[in-house]
Amino acid sequence: MLEATGQAAPGLEACQLSTPHRLDFSPGPLWFFWLRPKARPGGFKLLLFAHLGAGQKTVRFCHQIVTQFLAIRFPNRHQVAADAPQTGGKIAGNMDIETLFLPSLK
Amino acid sequence: MKLHLALPVWAFAFLATGLSAQTMTFAQFTQVQPSKKLLVFDNDEKAHRSIAATLDTASVSAGVDVDFSFSSNLVFTGALAALNGPQKADFIMQSKTDDEASHGSHHSRRQPIDSGFMEFKLETPVDGKDLLLKVTFSEASLFVSKSTGLELAVGTPLGESKITYSSDFLDFNTLSPDSWAISLSDIDPGSSIGADGALKDFSASASGIFLGAATPIPEPASSGRIVALISFAVVLCWKLRARLLPAWKLAN
C-alpha cells in the first residue's frame, strides 16, 4: 500500500496542490492530498478525508500509515511524529495535518 | 493441438488480454498555473425558488489549461508513443445540482452534485485524435471546509454505473469499480451555505485523479496485424472446412 501510494505521489516540494490519493481501508477508502499554503513558505498541510464510519481507531491507523509514508517519501523528515492527533495538529516542524470526516460515501 | 480446438483458445486469449486490466489510478491532472482558479461554483440563490447551482470550469467553451498524464503503467507505442508523459490539455467540466448542502463535523460541508461531465482534450492531437478522457457521472459529493475541499464520485462494483469513461486512446473494463476525486484549494471566498440551502458562490484551484481498469487501445499497426491474423485464420478455416465439418458433425 505504501509503495503504491509512493508511486502515485507527486513531488511534495514541486507542487502547490497535489492530486488526491486513495488508501483503501475497511469500511471505506481514505482520501488525502497535500497543500503548500502561500502564507507559510516552506510549510505544508496534509488533508485527510476519512469515512465517518471508520471509527477512531481506524482513523488513528490511517494517520500512522500516512505518517509512515511521509517518513519513507521524505526521509530527511524522519522526525514525523507517530502521535499525530486524531483530527489535527503538527506532524513535523512545518507540516500540519487536518482530518475531515465524510458524512457518507455512497 | 487440433486446429478446431486451437482457434477458440486463440480467441479466448485475445479477449482475456483486453479484460485483464486492474483497477488503478490511470490518469491525473494538475494545474498549469498553480494560482489560477479552475473551478467555479455558481448558485443562483433566488429566493422562493428551487436550488439551481453549477460547478463548472472557469471556461466551459475553450476550457482551462491543465497538465494531464496517463499512468506510467500504461505504455503507448508507435504512433501513440507521444502520449507517454505529461500532456498539455484543455479541461472542461459542467455539473449541476438542485440539492441542499449539509453540515458535517470540523466545519465541513457536503454539497451533493447531481450529474455532470468532464472532458480533457489534447491541445496538439496525436495520430489525428484528441480526446484524452471524457467522464460522465452522477451522484458526486463535494466536501468543503474553509478554503479546501474534495469532490469525489465512487462507482459500485456491481455494475450500477455512476461513472462512465471514454477516450480516443484507452479501452475500459466497464465492470471495474470506477472512482475519481478532485482536490480543491484556495476556495474563495471561504465556503459557506446560502439562504437557499446550497453552497454560496466560490472559485477554487483544483487537481484530480481517475481510477478504473484501463488499457491502451491497440495502436494502428497492431490493429492491422490483428486484422491480418483474423483474416489468415478465416482463410485457414475455409481451406480446412472439409476436415472440420465431419468432425463437428460427429461431435453433435
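Residues numbered from 1 in each chain as written. Chains lettered and ligands numbered in written order. Predicted model: local features only at pLDDT ≥ 70, side-chain atom pairs only at ≥ 80, totals over all residues.

**Topic: the overall build of chain B**
Link 1 in the chain: The helix and strand inventory of chain B stands at 3 helices and 13 strands.
Link 2 in the chain: Residues classed as buried in chain B amount to 35% of the 252 residues present.
Link 3 in the chain: Partitioning the contacts of chain B with sequence separation of at least 6, the portion at a separation of at least 24 is 69%. (Helix = DSSP H or I, 4+ residues; strand = E, 2+ residues; numbered from the N terminus. Buried ≥ 20, exposed ≤ 12 C-beta atoms within 10 Å, placed from the backbone. Contact = placed C-beta atoms within 7 Å.)

**Considering the environment of glutamine 22 of chain B**
Link 1 in the chain: Topologically, glutamine 22 of chain B is positioned in the loop between helix H1 (3-19) and strand S1 (23-31).
Link 2 in the chain: Each C-alpha atom, one on glutamine 22 of chain B and one on alanine 214 of chain B, is 7.5 Å from the other, the two residues being 192 residues apart in sequence.

**Things to note about unusual backbone geometry**
Trans is the common state for peptide bonds, and a negative phi is the common state for residues other than glycine.
Residue and element names in this part refer to chain B.
Link 1 in the chain: Across the junction of aspartate 188 and proline 189, the peptide omega takes the value -5 degrees, indicating a cis bond.
Link 2 in the chain: Secondary-structure assignment places proline 189 in the loop between strand S12 (179-188) and strand S13 (202-216).
Link 3 in the chain: Although it is not a glycine, aspartate 186 sits at a positive phi angle of roughly 55 degrees.
Link 4 in the chain: We classify aspartate 186 as buried; it has 20 C-beta atoms within 10 Å.

**Some remarks on the interface of chain A and chain B**
Link 1 in the chain: The interface of chain A with chain B comprises 20 residues on the first partner and 26 residues on the second.
Link 2 in the chain: Of all the elements in the fold, those that place two or more residues in the side of chain A that touches chain B are strand S2 (29-35), strand S3 (44-51) and strand S5 (95-102) of chain A.
Link 3 in the chain: Within the side of chain A that touches chain B, the residues separate by chemical class into 14 nonpolar, 4 polar and 2 charged. (Nonpolar A, V, L, I, M, F, W, Y, C, P; charged D, E, K, R; others polar.)

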